[in-house]
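Geometric and topological summary
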Amino acid sequence: QVQLVESGGGLVQAGGSLRLSCAASGRTFSSYLMGWFRQAPGKEREFVAAISWSGGNTYYVDSVKGRFTISRDNAKSTLYLQMNSLKPEDTAVYYCAASNGATTWRTSENEYDYWGQGTQVTVSS
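All figures in this text were calculated on a predicted structure; none of them were measured in a lab.

1. Re the nonpolar core
- Trp36, Leu79, Leu81, Met83 and Tyr94 are the most contacted members of the largest nonpolar core, which has 29 residues in total.
- Mapped onto this core, the elements with two or more residues apiece are β1 (2–7), β3 (18–26), β4 (32–39), β5 (46–51), β7 (68–73), β8 (78–83), β9 (92–100) and β11 (119–124).
- Setting aside chain neighbours within four positions, we find Tyr94 in contact with Glu6, Leu20, Trp36, Phe37, Arg38, Val48, Phe68, Leu81, Met83, Gly118, Thr119 and Val121.
- Counting 7 residues, the second largest nonpolar core, distinct from the first, contains Leu33, Ala50, Ala102 and Tyr112.

Spelled out as structure tokens, the structure:
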């Protein structure tokens, strides 16, 4: 089992940047495919980005490509999401998640085994 704790959310103006972190504890962090999801008010939770065990491969939803960067530091058991050029439509609660045994990209929330509690990101216009 792995425990996940997000941090780094906040209020930012459109065009600004934020860096989210997700600290993991428990079982070996490097054995998990990691992902970021977000849930805006009144909407379903949606996939944002994922990163392979080694960090060498990444995958993004089209709406954040070129603006967001997912990365991980396995020595520190930490996942990151650098968010640049933020837009009001990026406003949501952001969650990190861990998927065990993944051999392909996983973009559905029911494919992830462990979740953090979420961190609020609010982008003002």
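2. Some words on unusual backbone geometry
- Phi at Ser77 is positive, roughly 50°, even though this residue is not glycine.
- In this structure, Ser77 sits in the loop between β7 and β8.
- With a phi close to 50°, Ser85 is a non-glycine residue in the positive phi region.
- Along the chain, Ser85 falls in the loop between β8 and β9.

3. Structural notes on the state of the cysteines
- In this structure the tally under the stated criterion is 1 disulfide.
- Each disulfide pairs two cysteine sulfurs, and for Cys22 the partner residue is Cys96, the sulfurs being separated by 2.0 Å. With the S-S dihedral at roughly 55°, the linkage between Cys22 and Cys96 falls on the right-handed side. Taken together, the positions of Cys22 in strand β3 and Cys96 in strand β9 put the pair 74 residues apart, joining distant regions of the chain. One exposure class covers both Cys22 and Cys96, and it is buried.

What counts and what doesn't
- Residues numbered from 1 in each chain as written.
- Predicted model: local features only at pLDDT ≥ 70, side-chain atom pairs only at ≥ 80, totals over all residues.
- Heavy atoms only, no water.
- Core = buried A, V, L, I, M, F, W, Y, C linked by side-chain atoms within 4.5 Å.
- Buried < 20%, exposed > 50% of the residue type's maximum accessible area, 1.4 Å probe, protein only.
- Helix = DSSP H or I, 4+ residues; strand = E, 2+ residues; numbered from the N terminus.
- Contact = heavy atoms within 4.5 Å.
- Disulfide = S-S within 2.5 Å.

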